[in-house]
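If you want the building blocks of each chain, they are given just below.
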Amino acid sequence: MNVNHPAVHVLQNEQWRDVHFFNDGVRCTRYEVRWTGATLEEQLRNVGGGIQAVLKAAFDEAVPLRVPGGLWSLSTISKPTGAMLDLSNYRRLGKVPDAWLGAAAAPPVVPMLVGAGITINVINRELAAQGLALQTSGASDGQTLAGAIATGTHGADLRVGALHDTVLALHVVVSPTESVLIQPQGGLLNQQAADSLTSWFGIECRLRSDDQLFRAAQVHLGSLGVVLNVVLAAVPLYCWTRQRIPHKDGAAWRGVLRTREPHNANSLHLQDPDSLSIIVNPYAPEPSTDPRAWITSMRRLAYTHQPDVQTNVTDAALRSDLAAFLPSIIKVFESHADAWLDPVVRGITSAQLREFYGTQPSNGTALPGVMFGPPERFGLDFDPLRGASAEYVFDAEEARQAVDIILETLESQMDAHRQYFGGIGIRFVKGSTAWLAPNTKPISTFVELQSISTAELPAIHSAIGAALTQAGIAYGGHWGQWELNTPEVTRRWWGDHAIESWKAARTDLLSVTARQVFASPILEVAGLE
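As a starting point, this report considers the structure included with it. (Residues numbered from 1 in each chain as written. Predicted model: local features only at pLDDT ≥ 70, side-chain atom pairs only at ≥ 80, totals over all residues. Heavy atoms only, no water.)

Details of the overall build of the protein chain
Step number 1: What the protein chain contains, in helices and strands, is 14 helices and 19 strands.
Step number 2: Here the C-alpha radius of gyration of the protein chain, 23 Å, is about what a compact globule of 529 residues would show, namely 24 Å.
Step number 3: Considered along the principal axes of its C-alpha atoms, the protein chain spans approximately 65 × 50 × 45 Å.
Step number 4: Long-range pairs, those at least 24 residues apart, make up 76% of the contacts in the protein chain between residues at least 6 apart in sequence.
Step number 5: Surface accessibility of the protein chain: about 19,200 Å² in total, with carbon and sulfur atoms responsible for 49%.
Step number 6: If you average the places of the 41 positive and of the 52 negative side-chain charges in the protein chain, the two averages end up 1 Å apart. (Helix = DSSP H or I, 4+ residues; strand = E, 2+ residues; numbered from the N terminus. Rg over C-alpha atoms; globule rule 2.2 N^0.38 Å. Contact = heavy atoms within 4.5 Å. Areas by Shrake-Rupley, 256 points an atom, 1.4 Å probe, with all protein chains shown as cover. Lys, Arg positive; Asp, Glu negative; His and termini not counted. Charge placed at Lys NZ, Arg CZ, Asp CG, Glu CD.)

A word on helix 12 (residues 487-509)
Step number 1: The first and last C-alpha atoms of helix 12 sit only 23 Å apart over 23 residues, clearly below the 33 Å expected at 1.5 Å per residue.
Step number 2: In the structure, helix 12 departs most strongly from a straight axis at Gly495, where the bend amounts to approximately 100°.
Step number 3: Taken as a whole, helix 12 has its buried residues at Val489, Thr490, Trp493, Trp494, Ala498, Ile499, Ser501, Trp502, Ala505, Arg506 and Leu509. (Expected span 1.5 Å × (residues − 1). Bend = angle between axes of the 7 residues up to and from the residue. Buried < 20%, exposed > 50% of the residue type's maximum accessible area, 1.4 Å probe, protein only.)

Observations regarding the pairing of strand 6 (residues 110-115)
Step number 1: By the criterion of burial, strand 6 is predominantly enclosed, with 6 of the 6 residues buried.
Step number 2: Side chains of strand 6 alternate between two faces, with Val110, Met112 and Val114 and Pro111, Leu113 and Gly115 buried alike.
Step number 3: Judged from the 3 bridges that link them, strand 5 (residues 93-95) and strand 6 form a sheet pairing that is antiparallel. Considered in strand 6, the bridge of Gly94 is made with Leu113.
Step number 4: As judged from the 6 bridges shared by strand 6 and strand 11 (residues 226-236), these two strands associate in the antiparallel manner. When the bridges of strand 11 are listed, Met112 appears paired with Leu232. (Pairing = 2+ DSSP bridges.)

As for the packing of helix 6 (residues 250-259) against helix 10 (residues 399-415)
Step number 1: Two elements in contact, helix 6 and helix 10, have axes separated by 8 Å at closest approach and are oriented at 135°. One finds that helix 6 runs oblique with respect to helix 10. Across the interface between the two elements, Trp253, Arg254, Gly255 and Leu257 from helix 6 touch Ala399, Arg400, Val403, Asp404 and Leu407 from helix 10.
Step number 2: When the residues that make up the contact of helix 6 with helix 10 are grouped by side-chain class, the tally is 5 nonpolar, 1 polar and 3 charged. (Axes fitted to C-alpha atoms, helices over the stretch in contact; angles between N-to-C directions. Parallel < 35°, antiparallel > 145°, perpendicular 65-115°, else oblique. Nonpolar A, V, L, I, M, F, W, Y, C, P; charged D, E, K, R; others polar.)

Observations regarding the packing of aromatic side chains
Step number 1: For the structure on display, the rule yields 12 aromatic pairs.
Step number 2: Relative to Tyr90, the ring of Trp35 lies with its centre 5.9 Å away and its plane at 40°, an arrangement referred to as tilted. In this pair, Trp35 is assigned in the loop between strand 2 (26-33) and helix 1 (40-61) and Tyr90 in the loop between strand 4 (83-86) and strand 5, connecting sequence segments 55 residues apart.
Step number 3: We note Arg215 situated over the ring of Trp435; from NZ or CZ to the ring centre the distance is 3.7 Å.
Step number 4: In this arrangement the basic side chain of Lys441 is found over the ring face of Trp493, its NZ or CZ atom lying 4.7 Å from the centre. (Phe/Tyr/Trp six-rings, centres within 6.5 Å; stacked < 30°, edge-to-face > 60°. Lys NZ or Arg CZ within 6 Å of the ring centre and 35° of its normal.)

Section: the pattern of salt bridges
Step number 1: The tally for this structure, following the rule as stated, stands at 18 salt bridges.
Step number 2: Across the salt bridge formed by Glu32 and Arg30, the nearest N and O atoms sit 3.7 Å from each other.
Step number 3: On the accessibility criterion, Arg30 (16% relative accessible area) is buried.
Step number 4: Of the charged contacts in the structure, one is a salt bridge between Glu178 and Arg206, with a shortest N-O distance of 2.6 Å. Of this pair, Glu178 sits in strand 9 (residues 178-183) while Arg206 sits in strand 10 (residues 204-209); the two residues are 28 residues apart in sequence, bridging distant segments of the chain.
Step number 5: The class for Glu178 is partly exposed, based on a relative accessible area of 25%.
Step number 6: Among the charged side chains, a salt-bridge network with shared partners connects Glu14, Arg30, Glu32, Arg34 and Asp86. (Salt bridge = Lys/Arg side-chain N within 4 Å of Asp/Glu carboxyl O.)

Focus: the environment of Gln183
Step number 1: Within the element layout of this structure, Gln183 appears in strand 9.
Step number 2: Assessed through its relative accessible area of 2%, Gln183 is described here as buried.

Focus: the sheet that holds strand 19 (residues 476-477)
Step number 1: Taken in spatial order, the 8 strands make up an open sheet running 15-12-14-13-17-18-16-19, and their pairing is antiparallel. The sheet terminates laterally at strand 15 (362-366) and strand 19, the two strands that pair on one side only.
Step number 2: Bridging between strand 13 (residues 275-280) and strand 14 (residues 293-302) involves 6 bridges; their strand directions are antiparallel. When the bridges of strand 14 are listed, Ile278 appears paired with Ile295.

Some details on the sheet that holds strand 1 (residues 8-16)
Step number 1: Read from one edge to the other, the open sheet built from 4 strands follows the order 1-2-4-3, with strand pairing classed as mixed. Looking at which strands have only one partner, the edges of the open sheet turn out to be strand 1 and strand 3 (65-66).
Step number 2: With 2 bridges connecting them, strand 3 and strand 4 associate as parallel partners. For Leu65, the partnering residue across the bridge sits in strand 4 and is Ala83.
Step number 3: In the packing of helix 1 onto the sheet, the strands contacted are strand 1, strand 2, strand 3 and strand 4, and the crossing angle to strand 2 comes to about 145°.

A few points about the packing of helix 5 (residues 211-218) against helix 12
Step number 1: Helix 12 packs onto helix 5 with a crossing angle of 100° between their chain directions and a minimal axis gap of 9 Å. Taken together, helix 5 and helix 12 sit at an angle that is classed as roughly perpendicular. Where helix 5 abuts helix 12, its residues Gln212, Leu213 and Ala216 lie against Trp502, Ala505, Asp508 and Leu509.
Step number 2: The residue makeup of the contact of helix 5 with helix 12, split by class, is 5 nonpolar, 1 polar and 1 charged.

A look at helix 2 (residues 120-129)
Step number 1: Taken as a whole, helix 2 has its buried residues at Ile120, Asn121, Val122, Ile123, Asn124 and Leu127.
Step number 2: Looking at the buried residues of helix 2, the elements they touch are strand 5, strand 6, strand 7 (132-133), helix 3 (145-151) and helix 9 (368-371).
Step number 3: A positive phi of about 75° marks Gly131, the residue just after helix 2.

Some details on empty space enclosed by the protein
Step number 1: Per the stated rule, a full pass over the model turns up 4 cavities of 30 Å³ or more.
Step number 2: Here the second largest cavity is characterised by a volume of approximately 90 Å³.
Step number 3: Lining of the second largest cavity is provided by Val67, Pro68, Gly69, Asp86, Leu87, Ser88, Ala116, Gly117, Thr144, Ala146 and Val227.
Step number 4: Its residues assigned to classes, the lining of the second largest cavity comprises 6 nonpolar, 4 polar and 1 charged. (1 Å grid on protein atoms, 1.4 Å probe; cavity = no way out; pocket = protein on both sides within 12 Å on 5 of 7 lines; lining within 4 Å. Points joined across faces, edges and corners; volume = space filled by probe spheres on them.)

Side note on the environment of Val447
Step number 1: One can find Val447 in strand 18 (residues 443-452).
Step number 2: Taking the C-alpha atoms as reference points, Val447 and Tyr31, 416 residues apart in sequence, are found 37 Å from one another.
Step number 3: Residues within four places of Val447 in sequence aside, it is in contact with Ala390, Glu391, Tyr392, Phe394, Val403, Ile406, Ile424, Gly425 and Ile426.

Purely geometric numbers; function is a separate question.
Pasting the structure below:
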């Protein structure tokens, strides 16, 4: 594409590759929009002008265009087949101007206008400096805001839901000359908001207050246009208090899968937690002298600068997922030639989980950006090995049976000499009304299998899928991980109405050419084209 604009830096033969090294790298041209200009007005106009220049070339030549985001996803959702538009230099974050609000936000919500290319890590730090916080986020923070929303990234929040459930509006560029500001019917923003965005970026902006469009844009799969800004519902800064307890008793931790009340498994757990997650060792025998599962219960507390609250990322073991555990186990397998033998796998996995998550109860209190770290790309030096992660999502009412099926299948696969090198993370999330949100049930249970990528892994996941289907358990997949969402899985989990509503919104927003330019490869995988 021939792009000539002072704010656009063209880099030929650039490599796209996710930070986990799961996907093969792709070489393409990257169009980097730079933050240039003497005044804020000039800088915003240059961002808009740069985007327009790249989109005009893409539309003229019908070249598929991907925004790479934070390169955090293991799926092909951001994988370029044509060119990349890099918006990582646009990092504006501030309170929504009062003149944009047609109605006041319900306390304690503070509407924040956030550049969609900013990473969650940076957003957490910037908000904390203003005495604010995200209501929830994923367990990792290397994703950009647009990328996290695109994939339905979640944490383990039983009260709030996922990050996309805290979105109030999205500013999306849908052609070289047009953008839309999408909010639900009766949303907070008024026409002044759209008029100001038109003035700022030089791209005509229309206000669309429409529930159907908004529910599509909340989890947009990177395929509804270029998400430039997001209005988020921030809240006053709080802290998390956390209790993590190892469990050897299979009945105890399995009971939490059904009740979601960890206090019944151990009285040290927080009662009625706001956040709940479980790490499971897939290979510890039962009964066992070693922990089989680690349950983490967390509750929000008002932050009043208590001295025991961690405010800096210093301890990766605060984490309640497997993202920091995986690099540690990869290093072991890299350095031990016999680690790949069947009996050794079980021992290494158990030893690393014990070392990382402990054998005794532990607790801690930290700010959200500390509890849900670590910093971007911390410890993800996987090369030459590759990380892999598949995340199944179930109706919480079927979680116990689903987890048992997964564990039984992993054991049978190991007996057939197909090893799974990793752990299992389980999280519970309040439901969403977004059309393609993975957390589509009233309470959804996410079961993440994070491991080293091996040649046997596709067969293992095929066996898991077959066993779940045979048992009559419907499941979906996380849009940013191993591509579980085949057309059949997608239809069974989300249903025809949600799928057709999302596709209708895409047709409403985008021209035929725009649908070609903004199509993620994941649409074909999931049967959404």
